[in-house]
Amino acid sequence: MSTYAIWITAGFVYALFWWWYVGFRPKVTPAEIEATMALFEQGGDWTEQQKENLRRFLANDDGKDFVMVNLLHLKKPRSESLRKLNTYQKIFLGALLRKAGHPIMVARAAAGNIENVACDHANHWSAAGMVRYRSRRDFMEILKPTIGSPHHALKLESLEKTFAFPASNWFMLGGPRIVVALGLALLAALVQLIVT
């Protein structure tokens, strides 16, 4: 195998990864937004403000990835709540990973709030997490089989309270785009050393 063939193959594999991880999916349509919003009219504890926030978030689709920032406070007994939450996460993360989404950060609380400015009921968090979604369309598609499902009920049963908001135009040093590129470059260099 020639040097050119090795690096062209590595570039092709990375292009396939980029196509899957970054994606080139169309923005969500008004009809799709209404179909998604209908899920939230069927029950649950979502306020009108939360529904409006979701509608605005979907309507302002920029086609790019975003991060969902989460704070969680588990019910007691914690062991039972963790069991339910882990069962939910296995199902949810399976759907998320198939669409190139993944956790960015997960951490348990080491203490109560150090700072709390004008936030009622904002103490006693158990954990924090950030989850990357490839697009708002992916988020919307994952919501459909989740809202009202038995595994989503497990999440609700495990939490005393939770807080989540989407954040876009985010940045992280490293990440899969860079790690995969470096890994393929290293592999291509090793193959080149072996065969030439």
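Residues numbered from 1 in each chain as written. Predicted model: local features only at pLDDT ≥ 70, side-chain atom pairs only at ≥ 80, totals over all residues. Heavy atoms only, no water.

Novice: Sorry if this is basic, but what is going on with the side chain of threonine 36 here?
Specialist: The topology assignment puts threonine 36 in helix 2 (residues 30-40). Taking the relative accessible area as the measure of exposure, threonine 36 reaches 0% and is therefore buried. Once residues within four sequence positions are removed from consideration, threonine 36 is found in contact with Leu58, Met140, Leu143 and Lys144. (Helix = DSSP H or I, 4+ residues; strand = E, 2+ residues; numbered from the N terminus. Buried < 20%, exposed > 50% of the residue type's maximum accessible area, 1.4 Å probe, protein only. Contact = heavy atoms within 4.5 Å.)

Novice: Would you mind going over the environment of tyrosine 133 with me for this structure?
Specialist: Among the secondary structure elements, tyrosine 133 is positioned in strand 3 (residues 127-133). In sequence terms tyrosine 133 and leucine 85 are 48 residues apart; their C-alpha atoms lie 20 Å from each other. Contacts of tyrosine 133, omitting those with residues within four sequence positions, involve Asp65, Phe66, Met68, Phe92, Leu96, Phe139 and Ile142.

Novice: Mind showing me how you'd approach the layout of surface pockets here?
Specialist: Take a probe with the size of a water molecule and roll it over the atoms, and the empty space left behind shows itself. Volume-wise, the largest pocket comes out at about 1500 Å³. Lining the largest pocket are 49 residues; nearest its centre among them are Asn70, Lys155, Thr162, Phe163 and Ala164. Secondary structure elements with two or more residues in the lining of the largest pocket: helix 3 (48-59), strand 1 (66-74), helix 4 (78-98), strand 2 (102-108), strand 3, helix 5 (136-146), helix 6 (150-158) and strand 4 (159-168). Each residue belonging to the lining of the largest pocket can be placed in one class, and the counts come to 31 nonpolar, 11 polar and 7 charged. By volume, the second largest pocket amounts to about 240 Å³. Asp65, Trp170, Phe171, Met172 and Arg177 are the residues nearest the centre of the second largest pocket, which is lined by 14 residues in total. A total of 3 residues in the lining of the second largest pocket trace back to one element, the largest contributor, which is helix 7 (residues 176-195). In terms of residue class, the lining of the second largest pocket is made up of 6 nonpolar, 4 polar and 4 charged. (1 Å grid on protein atoms, 1.4 Å probe; cavity = no way out; pocket = protein on both sides within 12 Å on 5 of 7 lines; lining within 4 Å. Points joined across faces, edges and corners; volume = space filled by probe spheres on them. Nonpolar A, V, L, I, M, F, W, Y, C, P; charged D, E, K, R; others polar.)

Remember, this is a structural readout, not a statement about activity or role.
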